[in-house]
Amino acid sequence: MIDLTIADDVATIVLNAPSKLNALDERALAELESAYIEAEGAGVRALVLRGEGRAFCAGRDISGVDPRDDDVLGYLGGLVTPLLQRMSRFPAPTFAVAHGACLGVGLGLLIATDVVYVAESAKVGSPFAALGATLDSGGHALFLDRLGAHKTLDLIYTGRLMSGAEAVASGLFSRAFPDDEVVQATTDAAAAAARGATAAFLASKELVARIRDERLTLWDAVGIENAAQAALCDTSDYREGFAAFQEKRKPEFRGH
């Protein structure tokens, strides 16, 4: 179900259950978490997450679920949320390829990834109106922050799905690409990040998370930026970047 390959300091994790649109049951969630743990242990400097087949991830696999005794809180709170938190804290830049259906838990996987490149024909939104359920895995927070209350509730009430191009134009994700180009574009971006100054990238990743989660003021944010910059002065990549600039050559970062 979950495939992991590591090459050239880049981990690639593939949701590989195309016959069910990569929907995730409890076992698949455990395998996905294990893949992130293994990639972190390998010390990779970038990570790509993508899905095999016609969709990125259609959400939870409910094919064998009986709603009369469904432990939805155990699934979401006990399995999904800890996984998303681990993904968001991964100690390297992370990238996702969003194509086809990106719904429910699948949307949550994208929210927990640093950079999301989207196929123009991808489908993003809240399909839960037809299930008598509600959007989960961080979807409310993402939509409200980027779209506002009116458009968020319009999507939820109607079940309308946004195309990938519309989702990017609305500010949900990073960039949209033609369907046949999105995987290569994401792979190239991850490879470039893996050759970059990893410590500086991680400082920015932490800064963005703190500013978002702590709702910092401008000057509070400037203060922690200053501290992060001072800490980076002690890294070999910082010294290499300065030397390369002064010598008018490309830097050779080692991720230190």
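Sequence order sets the numbering: in each chain, residues are counted from 1 along the sequence as written. Only residues with pLDDT of at least 70 are given local features in this predicted model, and only at 80 or more are side-chain atom pairs given and counted; all residues enter the totals for whole chains, interfaces and linings. As a rule here, side-chain values come from all non-hydrogen atoms in the structure, and water together with hydrogens is ignored.

The name an unreviewed UniProt entry assigns to the protein chain is Enoyl-CoA hydratase/isomerase family protein, from the organism Microbacterium aurugineum. UniProt positions are given in the numbering used here, feature names are shortened, and annotations may be inferred rather than shown by experiment. Here is the UniProt Sequence similarities (unreviewed entry) comment for the protein chain, exactly as written: "Belongs to the enoyl-CoA hydratase/isomerase family."

A few words now on the nonpolar core. The set of buried Ala, Val, Leu, Ile, Met, Phe, Trp, Tyr and Cys residues whose side-chain atoms join them within 4.5 Å is what this entry labels a nonpolar core. Exposed residues in this analysis have more than 50% of their type's maximum accessible area, buried residues have under 20%, and partly exposed residues fall in between, with area computed by a 1.4 Å probe over protein chains only. Ranked by size, the top nonpolar core spans 47 residues in total, and within it L32, L49, L109, F143, L172 and F173 carry the most contacts. Formed by 14 residues, the second largest nonpolar core is a distinct cluster that contains V48, A119, V182 and A185.

This next bit is on helix α4 (residues 139–147). Those residues of α4 that fall on the buried side of the exposure criterion are G139, L142, F143 and L147. Axial view of α4: buried residues confined to an arc of 90°, hence all on one face. When the buried face of α4 is taken as reference, the exposed residues oriented beyond 90 degrees from it are A141 and D145. Runs of H or I in DSSP of at least four residues are treated as helices and runs of E of at least two as strands, each being numbered from the N terminus. Following α4 by one or two positions, G148 has its phi on the positive side, about 85°. An arc is given here, and it is the one of the directions from the helix axis to the C-beta atoms.

Our focus in this paragraph is the sheet that holds strand β4 (residues 94–98). Working definition: the strands of a sheet are paired by backbone hydrogen bonds and lie parallel or antiparallel to each other. Pairing in this open sheet of six strands is mixed, and the strands run β1-β2-β3-β4-β6-β9 from one edge to the other. Each having just a single partner strand, β1 (2–7) and β9 (175–177) make up the two edges of the open sheet. Across the sheet, the axes of successive neighbouring strands diverge by a mean angle of 20°, strand direction being ignored. Paired strands are those between which DSSP finds at least two bridges. Where strand β6 (residues 115–119) and β9 come together, three bridges link them in parallel fashion. Residue pairing in the sheet places V118 in a bridge with A176 of β9. Throughout, a residue-residue contact means that at least one pair of heavy atoms, one from each residue, lies within 4.5 Å. Every axis corresponds to a line fitted to the C-alpha atoms, with the helix fit spanning only the stretch in contact, and the corresponding angles, defined between N-to-C directions, vary from 0 to 180 degrees. Across the sheet, helix α1 (residues 26–41) is in contact with β1, β2 (10–15) and β3 (46–51); its angle to β1 comes to roughly 10°.

The N-to-C vectors of helix α8 (residues 198–214) and helix α9 (residues 218–232) enclose an angle of 160°; their axes lie 10 Å apart at closest approach. One way to sum up the angle between α8 and α9 is to call them roughly antiparallel. As α8 packs across α9, the resulting crossing turns out to be right-handed. The residues of α9 that touch α8, namely those facing A199, A200, A203, L207, R210 and I211, are A221, I224, E225, A228 and L232. For this scheme, ten residues count as nonpolar: Ala, Val, Leu, Ile, Met, Phe, Trp, Tyr, Cys and Pro. Four count as charged, namely Asp, Glu, Lys and Arg, and the remainder, Gly too, count as polar. A per-class count over the contact of α8 with α9 returns nine nonpolar, no polar and two charged. When describing relative orientation, an angle under 35 degrees is termed roughly parallel and one over 145 degrees roughly antiparallel, while 65 to 115 degrees is termed roughly perpendicular and anything else oblique. Each crossing gets its handedness from the near helix: less than a right angle anticlockwise from the far helix is left-handed, clockwise is right-handed.

With that out of the way, let us pick up a negative patch on the surface. A patch consists of residues whose relative accessible area exceeds 30% and which take part in no salt bridge; residues with like charges are grouped when within 9 Å of each other, and nonpolar side chains (Val, Leu, Ile, Met, Phe, Trp, Tyr) when within 5 Å. Only the protein chains shown count as covering a residue, and every accessible area follows the Shrake-Rupley method with a 1.4 Å probe. Here, a salt bridge means any Lys or Arg side-chain nitrogen found within 4 Å of an Asp or Glu carboxyl oxygen. Charge counting follows a simple rule: Lys and Arg are positive, Asp and Glu are negative, and His as well as the terminal groups are ignored. Each charge is placed at NZ for Lys, CZ for Arg, CG for Asp and CD for Glu. A grouping of E120, D179, D180 and E181 is seen on the molecular surface, where their side chains present a negatively charged patch. In this structure, E181 sits in the loop between β9 and α7 (182–194). Exposure remark for E181: the relative accessible area of 41% places this residue in the partly exposed category.

Attention now goes to the side chain of T113. With respect to the helices and strands, the residue T113 is situated in the loop between α3 (105–111) and β6. Under the relative-accessibility criterion, T113 is labelled buried at 8%. In protein, a polar contact means a hydrogen-donor-capable atom and an acceptor-capable atom, both N or O and within 3.5 Å, with residues adjacent in sequence counting only if both atoms are side-chain atoms; elsewhere, any N or O pair within 3.5 Å suffices. Of the polar contacts made by the side chain of T113, one reaches the backbone oxygen of L109; its length is 2.8 Å. Beyond its immediate sequence surroundings of up to four residues, T113 is in contact with L49, M87, T94, F95 and A96.

With respect to the helices and strands, the residue D237 is situated in helix α10 (residues 236–247). No salt bridge forms around the buried D237; measuring N to O, its nearest opposite-charge neighbour R45 is 4.9 Å away. Of the polar contacts made by the side chain of D237, one reaches the backbone nitrogen of R254; its length is 2.9 Å. When neighbours within four sequence positions are excluded, D237 is seen to be in contact with G196, A197, T198, F253, R254, G255 and H256.

Time to look at unusual backbone geometry. Look at D8: it is not a glycine, yet its phi comes out positive at around 55°. Structurally, D8 is set in the loop between β1 and β2. A positive phi angle is found at K248, which is not glycine, with a value near 55°. The exposed category is assigned to K248, whose relative accessible area is 75%.

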